[in-house]
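Residue-level structure breakdown
Residues per chain are reported as follows:
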Amino acid sequence: MEFNIAFIGFGVVGQGLAEILIEQEEFLKKNYDFHFKVVAVSDTMKGSWYKRTGLDLKKLLALVKENGNLKGYGEGIEGWDSLKTIEETNANLILEVAWTDLKTGEPAITHVKTALKNKKHVVLTNKGPIALAVRELLDLAKKNGVEMRYEGTVLSGTPALNLGLNNLAGAGITKAMGIVNGTTNYILTEMEKGMSYEDALKQAQELGYAEADPTADVEGFDALGKIVILANTVMGANLSKDEPPCEGITKITAEDIVKAKEEGFRWKLIAGAEIKKDGSIDAYVRPEKIPLTHPLANIMGPTNALTYSTKYVSDVTIVGPGAGKLPTGFALLTDILDINRLVSKR
Ligand code: HSE
């Protein structure tokens with residue numbers, strides 16, 4: 001299939017995918033019959049370009065690396081904002097990777113709705129729209145005969161959602177429990193090695209793991225958004241984003257960490273969702289003291305992990321990166337290839 005792609009936002013995640021697309025273009029054509037042109041890039045800070053016959057992705061990436069913006073690109077139409085780009089370009093696949101407010105989900109929700117109403121497929125890694133409005137958006141996609149995918153919202157390119165949605169479909173998932181925030185796991189790991197909380201947080205920010213406002217990480221809201229997405233999309237829950245109890249890591253002291261280790265435990269920020277006997281689903285985010293013999297106790301640094309408990313295959317754990325330029329860029333690619341597979345069969 002041939003796709004005309006528009007990037008809404010060209011930050012770290014968008015650039016990550018651009019690097020992969022440049023490197024893998026021939027492989028993707030040959031192995032997956034996936035053909036693409038990037039026809040538009042629209043970023044509020046870096047600038048916007050549209051050319052219906054296709055932009056030069058290598059040149060765009062080089063410009064942004066050299067100058068931090070796209071201003072000197074010079075070919076095609078300059079300056080269309082995100083909504084005009086979504087509505088008026090010949091793109092049929094919109095990648096929503098713009099900066100978004102996690103509390104309101106905007107402007108990403110508006111971008112996604114506009115794209116779907118204009119019968120354009122959407123792939124996104126922004127948690128806000130999915131945590132707040134996944135049902136409404138999936139319905140809108142269905143009504144308009146297009147697809148929306150969001151693997152990167154949970155564990156970035158580590159296929160945690162697809163594992164639950166596809167591979168474990170019918171396995172009777174009863175529970176999901178994991179470490180779904182890299183920043184807090186990194187902080188807890190470094191504190192165990194003797195670093196102060198403040199220094200560890202600063203490092204997590206410098207390494208690009210933390211959210212723009214790291215309160216979302218350390219108070220557990222980022223993990224909460226992810227477990228709500230997982231419970232609602234994989235386990236059939238209908239939780240609102242602020243419903244489950246949520247506690248972060250800010251009350252854990254260096255002494256707590258040392259003491260737990262001496263007792264054969266490790267503090268981890270755990271996000272969980274469990275189907276109760278009455279069929280309702282409980283979700284939570286809280287620090288838990290995990291025995292060192294438990295697989296999740298040995299997930300260190302920014303790495304994430306998620307264990308699905310199932311009726312027929314017992315516990316299945318997936319471990320991998322939960323953030324980062326290439327892992328999150330890859331999450332977009334895996335969704336794009338899924339859409340390519342589906343649409344090719346129609
Ligand atoms: N701030 C997030 C984390 C980034 O630390 O896991 C990925 O969602």
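Quick caveat: nothing in here was measured; it's all calculated off a predicted structure. Numbering of residues begins from 1 in every chain and follows the order in which that chain's sequence is written. Totals for whole chains, interfaces and linings use all residues, but because this is a predicted model, local features are given only for residues with pLDDT of at least 70 and pairs of side-chain atoms are given and counted only at 80 or more. To obtain the side-chain values, all non-hydrogen atoms of the structure were included, while hydrogens and water were left out.

A few points about helix α10 (residues 221-234)
Spelled out, the test is: Secondary structure counts use DSSP, requiring at least four H or I residues in a row for a helix and at least two E residues in a row for a strand, with both numbered from the N terminus. To estimate the expected span of a helix, count its residues, drop one, and scale the result by 1.5 Å. Exposed residues in this analysis have more than 50% of their type's maximum accessible area, buried residues have under 20%, and partly exposed residues fall in between, with area computed by a 1.4 Å probe over protein chains only.
Across its 14 residues, α10 extends 19 Å between first and last C-alpha, which sits within 8% of the 20 Å expected from 1.5 Å per residue. The element α10 is largely enclosed, with a buried count of 13 among its 14 residues.

Notes on the side chain of threonine 85
Let me state the cut-off plainly: Any N or O atom pair separated by 3.5 Å or less is treated as a polar contact, with the protein-specific requirement of one donor-capable and one acceptor-capable atom, and with residues adjacent in sequence counted only for side-chain atom pairs. In this description, contact between two residues means that some pair of their heavy atoms is separated by no more than 4.5 Å.
As for its position among the elements, threonine 85 is in helix α3 (residues 82-88). At a separation of 2.7 Å, a polar atom in the side chain of threonine 85 contacts the main-chain carbonyl oxygen of aspartate 81. Discounting chain neighbours no more than four positions away, the residues touching threonine 85 are Ala6, Ile8, Ala40, Ser42 and Trp80.

Re the pattern of salt bridges
Applied cut-off: For this document, the term salt bridge refers to a Lys or Arg side-chain nitrogen within 4 Å of an Asp or Glu carboxyl oxygen.
For the structure shown, the criterion picks out 26 salt bridges. Here lysine 127 ties to aspartate 222 by a salt bridge, and the two come within 2.9 Å at their closest N and O atoms. Linking lysine 127 in helix α5 (residues 127-143) with aspartate 222 in helix α10, this pair joins segments that are 95 residues apart in sequence. Like lysine 127, the residue aspartate 222 is buried in the burial classification. When salt bridges with common partners are traced through the structure, they connect Glu147, Arg149, Asp338, Arg341 and Arg346 into a single cluster.

Brief notes about the packing of aromatic side chains
Note on aromatic pairs: each is described by the distance of the centres and the angle between the planes. Stated precisely, the cut-off is as follows: Each pair of aromatic rings taken from Phe, Tyr and Trp, with Trp reduced to its six-membered ring, is defined by centres within 6.5 Å and is described as stacked if the planes are under 30 degrees apart, edge-to-face if over 60, and tilted in the remaining cases.
Applying the stated criterion across every chain, the model contains seven aromatic pairs. Summarising the aromatic geometry, the rings of phenylalanine 3 and phenylalanine 34 are spaced 5.8 Å apart at their centres and angled 35 degrees between planes, so their arrangement reads as tilted. One end of the pair, phenylalanine 3, is in strand β1 (residues 2-8); the other, phenylalanine 34, is in the loop between α1 (12-32) and β2 (35-43), with 31 residues separating them in the sequence. Considered together, phenylalanine 3 and phenylalanine 34 belong to a single accessibility category, that of buried residues. Seen in terms of ring centroids, tyrosine 186 and tyrosine 209 are 5.5 Å apart; in terms of plane orientation they differ by 55 degrees. Their pairing is tilted. Taken as a pair, tyrosine 186 in helix α7 (residues 182-192) and tyrosine 209 in the loop between α8 (197-206) and α9 (215-218) lie far apart in primary sequence, 23 residues in all. Residue class for tyrosine 209 comes out partly exposed when judged on its relative accessible area of 23%.

Considering the pairing of strand β9 (residues 265-275)
In plain terms, the rule: Paired strands, in this sense, are two strands between which DSSP finds at least two bridges.
Relative to β9, strand β8 (residues 173-179) is paired through four bridges, and the arrangement is antiparallel. Bridge pairing in β9 places methionine 177 opposite glycine 272. Taken together, β9 and the strand that follows it, strand β10 (residues 281-291), pair antiparallel across an intervening segment of five residues, in which glycine 279 is found at a positive phi of about 90 degrees.

Some words on the site of the ligand
Convention followed: A cutoff of 4 Å decides nearness: a residue is near a molecule or strand if any of its heavy atoms lies inside that distance of it. Areas reported here follow the Shrake-Rupley algorithm with a probe of radius 1.4 Å; residue values treat only the protein chains shown as occluding. Residue type decides the class: Asp, Glu, Lys and Arg count as charged, Ala, Val, Leu, Ile, Met, Phe, Trp, Tyr, Cys and Pro as nonpolar, and the leftover types, Gly among them, as polar.
The ligand sits among Lys127, Asn181, Gly182, Thr183, Tyr209, Ala210, Glu211, Asp217, Asp222, Lys226, Gly322 and Ala323. The separation between an oxygen atom of the ligand and a polar main-chain atom of glycine 182 is 2.8 Å. A distance of 2.7 Å separates a nitrogen atom of the ligand from a polar atom in the side chain of glutamate 211. Compared with its free state, where it exposes 260 Å², the ligand has 90% of that area covered by protein. Going through the elements one at a time, α7 and α10 are the ones with two or more residues in the shell around the ligand. Classifying every residue of the shell around the ligand gives three nonpolar, four polar and five charged.

Remarks on the sheet that holds β8
Stated precisely, the cut-off is as follows: Axis definition: a line fitted to C-alpha atoms, limited for helices to the stretch in contact. Angles are taken between N-to-C directions and run from 0 to 180 degrees.
Read across the sheet, five strands follow the order β10-β9-β8-β11-β12 without closing on themselves; strand pairing throughout is antiparallel. In this open sheet, the two strands that pair with only one neighbour each are β10 and β12 (315-321). Pairwise comparison of adjacent strand axes, ignoring direction, gives a mean angle of 20 degrees for this sheet. Bridging between β8 and strand β11 (residues 303-310) involves six bridges; their strand directions are antiparallel. Opposite isoleucine 179, over in β11, you have alanine 305 as the bridge partner. Running over the sheet, α7 touches β8, β9 and β11 and is turned about 155 degrees from β9.

Focus: the environment of leucine 61
Mapped onto the elements, leucine 61 comes out in helix α2 (residues 57-67). Sequence spacing of leucine 61 and leucine 83 is 22 residues, and the spatial spacing of their C-alpha atoms is 22 Å. When sequence neighbours within four positions are dropped, the list of residues in contact with leucine 61 reads Phe10, Gln15, Ala18, Glu19 and Ile22.

Side note on the pairing of strand β5 (residues 93-96)
Residues Leu93 and Leu95 point to one face of β5 and Ile94 and Glu96 to the other, with burial holding for every one of them. One ladder, built from four bridges, connects β5 with strand β6 (residues 121-124); its direction is parallel. Residue leucine 95 lies in a different strand from β6, and its bridge partner there is valine 123.

Thoughts on the domain arrangement of the protein chain
Inclusion rule: For the domains described, the bounds stem from an automatic or database domain assignment. Put simply, buried area is the surface a 1.4 Å probe can reach on two separate parts but cannot reach once they are joined, added for both.
By the assigned domains, the protein chain splits into domain 1 (2-157 + 326-345) and domain 2 (160-321). Taking only C-alpha atoms into account, the centre of domain 1 sits 28 Å from that of domain 2. Contact with domain 1, which involves 18 residues of that partner, is made by 25 residues of domain 2. Roughly 1700 Å² is buried in total at the junction of domain 1 and domain 2, and carbon and sulfur atoms are behind 63% of that figure. Residues lysine 127 and glutamate 211 are paired through a salt bridge, measuring 3.5 Å at the closest nitrogen-oxygen approach. Put simply, domain 1 and domain 2 have eight residue pairs in polar contact (both at pLDDT 80 or more) between them. Contributions of two or more residues to the side of domain 1 that touches domain 2 are made by α5 and α12 (325-344). Of the residues that constitute the side of domain 1 that touches domain 2, the class distribution is ten nonpolar, three polar and five charged.

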